[in-house]
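A look at the structure
Listed below are the residues making up each chain.
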Amino acid sequence: MEKHIYSVSSLTRQIKEVLETGFPRLWVEGEISNFKRHSSGHLYFTLKDENSQIRCVMWRFKAGELLFQLEDGLKVLVEGDIQVYEKSGNYQLIIQQMQPAGIGELQLAFEQLKKKLQGEGLFDAVHKKVLPPYPEKVGVVTSPTGAAIRDIISVISRRFPSTEIILYPVRVQGEGAAREISSAIADFNEYGKVDVLIVGRGGGSLEDLWAFNEEIVARAIFSSRLPVISAVGHEVDYSIADFVADRRAPTPSAAAEMVVPDRREMLGVLAYYREKFSQTVRQKISTGRERLENYRRSYAFRRPEDIVFQKMQQLDELIRKIQVAILHHLQIKRHSWHNIQQQLRALSPLGVLQRGYSICYKDGRIIKDVSQVQMLDLVQVKLSRGQFLSQVQMLGEGE
Amino acid sequence: MKKTQSFEQAMKRLEEISQSLESGDIPLEDSIKLYEEGIKLIEFCQGKLGEAEKKVQKLGRNTEGELGKTPLDDSSIPGEE
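Residues numbered from 1 in each chain as written. Chains lettered and ligands numbered in written order. Predicted model: local features only at pLDDT ≥ 70, side-chain atom pairs only at ≥ 80, totals over all residues.

**A few points about the overall build of chain B**
- Across its full length, chain B carries two helices and two strands.
- Listing every helix and strand of chain B by position from the N terminus yields α-α-β-β.
- Sequence separation of 24 or more characterises 39% of the internal contacts of chain B that already satisfy a separation of 6 or more. (Helix = DSSP H or I, 4+ residues; strand = E, 2+ residues; numbered from the N terminus. Contact = placed C-beta atoms within 7 Å.)

**Some points on the overall build of chain A**
- Of the regular secondary structure elements, chain A holds 11 helices and 14 strands.
- When the 399 residues of chain A are sorted by exposure, 25% land in the buried category. (Buried ≥ 20, exposed ≤ 12 C-beta atoms within 10 Å, placed from the backbone.)

**Structural notes on the pairing of strand E2 (residues 43-48) of chain A**
All names here are of chain A.
- Where burial is concerned, the two faces of E2 differ: the one with Leu43, Phe45 and Leu47 is buried and the one with Tyr44, Thr46 and Lys48 is not.
- Two elements, strand E1 (residues 26-37) and E2, share five bridges in a ladder whose sense is antiparallel. What sits directly across from Arg37, in E2, is Leu43.
- Here E1 folds back onto E2, and the loop between the two strands holds five residues, one of which, Gly41, carries a positive phi near 100°. (Pairing = 2+ DSSP bridges.)

**Let's talk about the packing of helix H4 (residues 147-159) of chain A against helix H8 (residues 252-259) of chain A**
Residues and elements named next belong to chain A.
- Here H4 crosses H8 at 30°, and the two axes come no closer than 8 Å. Taken together, the axes of H4 and H8 lie roughly parallel to each other. Between H4 and H8 lies a crossing of right-handed hand. Across the interface between the two elements, Ala148, Asp151, Ile152, Val155, Ile156 and Arg159 from H4 touch Pro252, Ser253, Ala255, Ala256 and Glu257 from H8.
- By residue class, the composition of the contact of H4 with H8 is seven nonpolar, one polar and three charged. (Axes fitted to C-alpha atoms, helices over the stretch in contact; angles between N-to-C directions. Parallel < 35°, antiparallel > 145°, perpendicular 65-115°, else oblique. Left-handed = near helix turned anticlockwise from the far one by under 90°. Nonpolar A, V, L, I, M, F, W, Y, C, P; charged D, E, K, R; others polar.)

**Some points on the pairing of strand E4 (residues 75-85) of chain A**
All names here are of chain A.
- Where E1 lies against E4, six bridges are found, and the strand directions are antiparallel. Looking across to E4, one finds that Val28 is bridged to Val78.
- Judged from the 10 bridges that link them, E4 and strand E5 (residues 90-100) form a sheet pairing that is antiparallel. Within E5, the residue paired with Val76 across the bridge is Pro100.

**A few points about the interface of chain A and chain B**
- Listed by partner, the interface residues are 37 residues for chain A and 34 residues for chain B.
- Broken down by secondary-structure element, the contributors of at least two residues to the side of chain A that touches chain B are H4, strand E7 (164-169), helix H5 (177-191) and helix H9 (263-297) of chain A.
- Examining the composition of the side of chain A that touches chain B, we find that 13 residues originate from one element, H9(A), more than from any other.
- Judged from the two bridges that link them, E7(A) and strand E1 (residues 57-61) of chain B form a sheet pairing that is parallel. Following the sheet pairing, Ile166(A) is matched in E1(B) by Gln57(B).

**A short note on the sheet that holds E2(A)**
Residues and elements named next belong to chain A.
- Spatially, five strands are ordered E1-E2-E3-E5-E4 in a closed barrel, and the strand pairing comes out mixed. Across the sheet, the mean angle separating the axes of adjacent strands is 50° when strand polarity is ignored.
- Strands in contact with helix H1 (residues 8-22) are E4 and E5; relative to E4, the strand with the most contacts, it is inclined by about 145°.

**Describing helix H2 (residues 28-50) of chain B**
- The end-to-end C-alpha separation of H2(B) is 33 Å, in line with the 33 Å expected for 23 residues at 1.5 Å each.
- When we look at burial in H2(B), the residues that qualify are Ser31(B), Leu34(B), Gly38(B), Leu41(B), Ile42(B), Cys45(B) and Lys48(B).
- On the buried face of H2(B), the contacting elements are H9 of chain A together with helix H1 (7-23) of chain B. (Expected span 1.5 Å × (residues − 1).)

**With respect to the environment of Met266(A)**
- Residue placement: Met266(A) occurs in helix H9.
- Here Met266(A) falls in the buried class, since 20 other C-beta atoms lie within 10 Å of it.
- For the pair Met266(A) and Phe160(A), spaced 106 residues apart in the sequence, the C-alpha separation amounts to 9.3 Å.
- Setting aside anything within four residues of it in sequence, one finds Met266(A) in contact with Pro261(A) and Leu49(B).

**So, unusual backbone geometry**
Residues and elements named next belong to chain A.
- Residue Asp363 is not a glycine yet carries a positive backbone phi of 55°.
- Along the chain, the position of Asp363 falls in the loop between strand E11 (359-362) and strand E12 (365-366).
- One non-glycine residue, Leu376, lies in positive phi territory at about 65°.
- Along the chain, the position of Leu376 falls in the loop between E12 and strand E13 (378-382).
- A count of 8 C-beta atoms within 10 Å places Leu376 in the exposed class.

**Notes on the sheet that holds strand E8 (residues 196-201) of chain A**
- An order of E10(A)-E9(A)-E8(A)-E6(A)-E7(A)-E1(B)-E2(B) is seen for the seven strands of this open sheet, with the pairing classed as mixed. Of all strands in the sheet, those bounded by a partner on one side alone are strand E10 (247-249) of chain A together with strand E2 (67-71) of chain B. Geometrically, the sheet is characterised by an average inter-axis angle of 25° between neighbouring strands, direction not taken into account.

**Describing helix H3 (residues 105-120) of chain A**
- Given a rise of 1.5 Å per residue, 16 residues ought to cover 22 Å, and the 22 Å separating the end C-alpha atoms of H3(A) matches this to within 8%.
- The positive-phi residue at the C-terminal boundary of H3(A) is Gly121(A), with phi of around 85°.

See the structure below:
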């Protein structure tokens with residue numbers, strides 16, 4: 001019998017045929033090791049158990065559908081096709097889809113993202129912003145047709161009706177929802193004219209709530225300058241958004257209660273202030289009145305009054321004294337004036353004339369010596385009343 | 001009172017007034033002034049609380065991509081089921 005000699009290629013081709021037809025699409029469970037993500041986006045790794053291993057490839061377009069991250073040691077369930085790579089004579093598993101073993105893929109993705117963001121510090125308390133106590137404008141990122149917006153509007157308009165609610169309508173589930181939610185958050189920040197944001201939706205399955213577990217939403221919440229309240233699903237649902245948000249509300253209604261104070265409560269606070277203010281001022285006035293009364297009665301208060309009265313009395317006395325002194329002075333003055341007048345009158349040449357004397361002038365000059373005249377000179381004689389002209393008839397010395 | 005006063009500012013000021021009045025070491029004249037200011041603030045806040053419900057607005061981008069606010073069509077929000 002003649003030996004059949006294969007060429008390497010034909011052997012490989014036959015093996016390939018046998019293997020690839022003998023093992024139609026199949027599921028395998030194993031642990032990932034030697035995981036490599038090529039720059040092309042294709043994923044290469046080995047699937048192994050205690051005794052064996054098999055090479056695996058996941059092409060880029062399939063890898064992009066994975067919600068969770070591959071890592072060494074991760075136990076997975078994969079569906080794929082055996083393929084012989086003729087060039088190297090290796091067989092490998094071309095993976096069509098993959099899910100984590102023993103845990104849901106969403107659950108795993110959630111845990112992985114949570115761990116990653118936590119590691120980056122996105123959940124740290126230092127980043128948590130304080131909610132404004134009395135927001136005038138509340139921004140809401142949710143579906144316009146969901147229960148969440150209806151609940152939020154009804155709670156806010158009951159508690160604090162003057163609050164303005166601004167809705168940014170987005171899809172909250174399905175393809176593209178996460179991107180819409182995150183850009184709505186960014187848009188609110190750009191718009192700026194709201195005080196706080198509520199981001200959320202009503203209850204649903206883990207798949208329905210998934211957008212709020214996506215990294216892009218988490219990053220948008222983290223980057224928001226406006227404080228964010230997350231309100232996703234029901235009480236029991238925790239989302240990544242809840243961990244990043246400044247406050248987590250268990251439901252959209254609860255978020256609305258958290259965001260604005262209750263009107264009736266506030267009216268109570270205001271009534272309390274009014275009462276307290278009135279009471280304080282009333283008390284102050286009565287305390288003040290009492291104190292004033294005490295002062296008035298006290299020696300300390302009367303003393304300055306006494307001093308004033310004493311001074312006033314002294315002043316009166318002084319005035320009286322001054323008046324007396326002035327009168328006295330005036331009398332003296334008046335008296336001496338009288339004397340002076342009399343003296344003046346006595347000294348006046350007219351006074352002398354009245355007593356019978358006369359004055360003789362020659363050429364306008366008073367004659368005091370006989371030598372001033374000669375015989376037959378004309379001499380003017382002035383009397384007390386009138387005057388006449390005389391002629392010197394005789395000259396003589398003495399009387 | 002400023003026109004731009006917010007409820008928040010008013011509440012903050014009321015708290016301050018409350019503390020000042022409580023402290024007791026301010027003159028009567030000043031405390032009466034504070035009292036008057038406080039009553040005005042209380043009335044302002046009561047007015048705010050009495051204001052009617054505001055219409056829900058909608059934020060979004062128009063066809064030119066500009067961000068803007070428009071009144072929300074109420075009919076698009078489902079009522080109580």
